[in-house]
Each structure stands twice: as C-alpha cells, then as structure tokens.
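# Results of the structural survey
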Number of protein chains: 2
Amino acid sequence: MELEAKIDWEQGLAFRAHLGGFSLPLGGEPKVEGEQSGFRPTELLLVGLAGCTGMDVISILGKMKVKVGKFHVAAAAQVAAEHPKKFLSIVVTYSFAGEGITPEPLRKAISLSEEKYCGVRASLLPGIAISHEIILNGEKIPG
Amino acid sequence: MELEAKIDWEQGLAFRAHLGGFSLPLGGEPKVEGEQSGFRPTELLLVGLAGCTGMDVISILGKMKVKVGKFHVAAAAQVAAEHPKKFLSIVVTYSFAGEGITPEPLRKAISLSEEKYCGVRASLLPGIAISHEIILNGEKIPG
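Once a new chain begins, its residue numbering starts again from 1 and follows that chain's sequence as written. To read the labels, note that chains go from A and ligands from 1, taken in the order they are written. In keeping with the predicted nature of the model, local features appear solely for residues at pLDDT of at least 70, side-chain atom pairs appear and are counted solely at 80 or more, and the whole-chain, interface and lining totals rest on all residues. The basis for every side-chain value is the complete set of non-hydrogen atoms in the structure, without hydrogens or water.

## A look at the interface of chain A and chain B
In many reports, interface size means the accessible area that the parts give up when they come together. Here is the rule we go by: The contact criterion used throughout is that any non-hydrogen atoms of two residues lie within 4.5 Å. Summed over both partners, the accessible area (1.4 Å probe) lost when two parts come together is defined as the buried area. Whenever a carboxyl oxygen of Asp or Glu lies within 4 Å of a side-chain nitrogen of Lys or Arg, that contact is scored as a salt bridge. Residues adjacent in sequence count toward polar contacts only when both atoms are side-chain atoms; beyond that, a polar contact is any pair of N or O atoms within 3.5 Å, and within protein one must be able to donate a hydrogen and the other to accept it. Elements are defined by DSSP. Helices are runs of H or I of four residues or more, strands are runs of E of two residues or more, and each kind is numbered from the N terminus.
Contacts between chain A and chain B engage 70 residues on the former and 69 residues on the latter. Here chain A and chain B share an interface that buries about 6,100 Å² over both sides, 72% of which is from carbon and sulfur atoms. Where chain A packs against chain B, one counts zero salt bridges. Linking chain A with chain B are 18 residue pairs in polar contact (both at pLDDT 80 or more), by the criterion used here. Mapped onto the side of chain A that touches chain B, the elements with two or more residues apiece are strand E1 (2-11), strand E2 (14-19), strand E3 (22-26), helix H2 (41-63), strand E4 (70-79), helix H3 (103-117) and helix H4 (119-122) of chain A.

## Digging into the relation of the copies chain A and chain B
Filter applied, for reference: Only residues with pLDDT of at least 70 in both copies count here: their C-alpha atoms drive the least-squares fit that superposes the copies.
Placing chain A over chain B gives an RMSD of 0.0 Å and needs a rotation angle of 180°, together with 0.0 Å of translation along the axis. Such a turn and shift between the copies fits a two-fold axis.

## With respect to the pattern of salt bridges
Counted by the stated rule, this structure contains 14 salt bridges over all chains. Note that Glu10(A) and Arg16(A) form a salt bridge whose closest N and O atoms lie 3.6 Å from each other.

## Regarding the pairing of E3(A)
Residue and element names in this part refer to chain A. For clarity, the threshold we go by: For every residue, the accessible area (1.4 Å probe, protein chains only) is compared with the maximum for its type, and the residue is labelled buried under 20%, exposed over 50%, or partly exposed between those bounds. Strand pairing follows a simple DSSP-based rule, namely that at least 2 bridges must link the two strands.
Among the five residues that make up E3, four are buried, leaving the element largely enclosed by the rest of the structure. Relative to E3, E2 is paired through five bridges, and the arrangement is antiparallel. Bridge pairing links histidine 18 to serine 23 in E3. Counting the residues that bridge the hairpin from E2 to E3 gives two residues, and of these glycine 20 lies at a positive phi of roughly 50°.

## Things to note about the side chain of Glu43(B)
Its location among the elements puts Glu43(B) in helix H2 (residues 41-63). Once residues within four sequence positions are removed from consideration, Glu43(B) is found in contact with Leu3(A), Ala5(A), Leu19(A) and Gln36(B).

## Some words on the packing of H2(A) against H3(A)
Residues and elements named next belong to chain A. Defined as follows: What counts as an axis is a line fitted to C-alpha atoms, over the stretch in contact for a helix, and the angles between N-to-C directions run from 0 to 180 degrees. For classification, angles of less than 35 degrees are called roughly parallel, those exceeding 145 degrees roughly antiparallel, those between 65 and 115 degrees roughly perpendicular, and all remaining angles oblique. The crossing is said to be left-handed when, going from far helix to near helix, the turn is anticlockwise and less than a right angle, and right-handed when the turn is clockwise. Gly falls in the polar group here, along with every residue not listed as nonpolar (Ala, Val, Leu, Ile, Met, Phe, Trp, Tyr, Cys, Pro) or charged (Asp, Glu, Lys, Arg).
One way to put it is that H2 packs onto H3 with a least axis distance of 9 Å and a crossing angle of 130°. With respect to each other, H2 and H3 are oriented oblique. Considering how the two elements wind past one another, H2 and H3 form a crossing that is right-handed. Seen from H2, the contacting residues are Thr53, Asp56, Val57, Ile60 and Leu61; seen from H3, they are Pro105, Leu106, Ala109, Ile110, Leu112, Ser113 and Tyr117. Across the contact of H2 with H3, the residue classes break down as nine nonpolar, two polar and one charged.

## With respect to the confidence of the model for chain A
So the rule is basically this: Scored from 0 to 100, pLDDT records how confident the predictor is in each individual residue.
Mean pLDDT over chain A: 95, with 97% of residues reaching 70 or higher. Across the interface, the model reports ipTM at 0.96; the global pTM reads 0.96.

## Details of helix H3 (residues 103-117) of chain B
All names here are of chain B. Here is the rule we go by: The span you would expect from a helix comes to 1.5 Å times its residue count less one. Throughout, the arc means the angular range of directions from the helix axis out to the C-beta atoms.
Along its 15 residues, H3 runs 20 Å from first to last C-alpha, staying within 8% of the 21 Å computed at 1.5 Å per residue. Within H3 the residues assigned to the buried category are Pro105, Leu106, Ala109, Ile110 and Ser113. Axial view of H3: buried residues confined to an arc of 135°, hence all on one face. Of the surrounding elements, those touching the buried residues of H3 are H2, strand E5 (87-97), strand E6 (129-136) and strand E7 (139-141).

## Some remarks on the sheet that holds strand E4 (residues 70-79) of chain B
Ordered in space as E3(A)-E2(A)-E1(A)-E4(B)-E5(B)-E6(B)-E7(B), the seven strands form an open sheet in which the pairing is mixed. Of all strands in the sheet, those with a lone pairing partner are E3 of chain A together with E7 of chain B, marking the two edges. Between one strand axis and the next, the sheet turns through 25° on average, direction left out of account. Sheet topology places E1(A) next to E2(A); four bridges connect them, and they run antiparallel. Looking at E2(A), one finds that Ile7(A) is bridged to Ala17(A).

## Observations regarding the environment of Cys118(A)
Within the element layout of this structure, Cys118(A) appears in the loop between H3 and H4. Between the alpha carbons of Cys118(A) and Lys63(A) there is a distance of 17 Å; along the sequence they are 55 residues apart. The contacts of Cys118(A), once residues within four sequence positions are left out, are Leu49(A), Cys52(A), Thr53(A), Asp56(A), Ser113(A) and Pro84(B).

## Let's talk about empty space enclosed by the protein
Residue and element names in this part refer to chain A. Test applied: A pocket, in this scheme, is an open set of points on a 1 Å grid over the protein atoms alone with protein on both sides within 12 Å along at least 5 of 7 lines, while a cavity is a set where a 1.4 Å probe fits but cannot get out; residues line either one if an atom lies within 4 Å of a point. Grid points are joined across faces, edges and corners, and a volume is the space filled by probe spheres set on the points.
Tallied over the full model, the rule gives two cavities of 30 Å³ or more. Considering only enclosed or pocket space, the largest cavity measures out at about 50 Å³ in volume. Looking at the largest cavity, the residues that line it are Leu49, Thr53, Val92, Tyr94, Glu114, Cys118, Arg121, Ile130, Ser131 and His132. Elements supplying a minimum of two residues to the lining of the largest cavity: H2, strand E5 (87-97) and strand E6 (129-136). Examining the composition of the lining of the largest cavity, we find that three residues originate from one element, E6, more than from any other. Split into classes, the residues belonging to the lining of the largest cavity amount to five nonpolar, three polar and two charged.

Next comes the structure, spelled out in structure tokens:
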C-alpha cells in the first residue's frame, strides 16, 4: 500500500500540509520561534499513535457490540533532551464513558490494537516504552 | 521534555485532536468508512517526519546563509498489506527553488537532519528503509 504526504514551507519554521482535502499547520517550538505557528512534528507522531489505537479500539468495541458514549485517547511522552530528541516513553490513556460498560472488553480491544492492529505503534522504535492506562467513567481501572 | 496529545472521538472512526490552539480532524481509510473524515493516523506520522526534517533543513540553510525561495517536502511510503500495517520504506523528496542555490549546502543540511537532528526519524523502527531525493529548481540532483 502506498501513502503520501506533502508539506509546503511558508516562513520561518512554519509549513502547511495538504492531504485529501484536509490541511494542517506545522510549527516549531515556541521557545525557538517566539510563537507557535502550528502542530509540532513530534506532536503529530503522538496524535498519529493516539488516532491509530483509538480507531482500532472503537472499531473492535463496535464489533463486540459495546456501546460507548464518550471516548478520548491521550498520549503523553518523554522526549530526549539532546538531539536527536527522540521519544523515550509514551503513556497512552484511554478514557471511556457510558452506561453498562464493563472493563473486560476494553482491555481486550486495547490489547488487540497494541499487539495486532496498530500500524503506527508497530512502526516505532522498539526501545520506546509504551504503556497504557484505562479510565472508565472517571475511575482508573486495572489495565 | 514532556509532550502531550489528546484526541476526542466524534463518531465512526472520526476523531479530533486539539493542541495548543490548533485542531485537526482524523479519519479512517475511505474504503472502510465510505468517506474520509480527516487525516489518517499513518499520514500524520508521514507529515510529522516531513515536518521534522523540513524544519531542520530550512533552519540549517538559514544558518548557512542560503536563501531559499520555495521549499516543499514530500514523503512517500510503502506500508505493509497485512496487520499491523507498518511502514516498510519511505522516500523523502526535498524540492528547493531559488536563484544561486548550489547543491552542496542542501546535501549537508539534509544529512545533518538525517544523522543528528530529526527526532521523529530517530523514533522510527530501524528496519524502515528511509531514503531521499533532492530536486533543485525542477531538476533532480545527485543526493
């Protein structure tokens, strides 16, 4: 399968990506540029990871007939202080809200995404420690 | 250094990321969803890679006093056909336009990004074959 992305330089560290009718602004770190002109590239990698596993999980839960009311995925990373500022560890937090949701299918869906489906995760350096947390209706549940 | 991203589920495979005042839509593959509701997660990884190396290169060229008129970065990837659909290879194409630009500083800036600065690239699976091409004023030049 082929995949393409293209970005156009605007000024300073500001670029813009255009893809399939959608567009997004890219920018450097505020401390380098003075103000942030868009998403930082490393943030996009985190959004990509959260999106990839989020789509897997909601899709698997749909197949399991689990009704989810609200669903959020957060990814928090530690990045190296020195160049290249690569990812060291990432914690992915899955937050679900809805009535009648039990923990077991959530754990199963997350584990299937982690082990079998998530292409972004499978493309990352194996040395990056990726862990997860699960929140169900505001309460942290064992992963 | 800490980095965070959060996405909110909207419906189907559609999510939205909000970060530092910027927002972007995420969606699944059109063949799965019928229509594309936003950037695919794997596309965001490619945009992140292009943005990371693009910012490195334009910043290094600025320090070298190389005046660039236009600059685009494209990333084209081969992705595995089977789950997890991870990246197999990526070709990054750097296109520069402007008067009086010589190839040598372009090669130097790209090589510094590849070997020293690009945190997104350094966070990818080492098995992904990443190569580059350089276009200067519409002509491909030796990399």
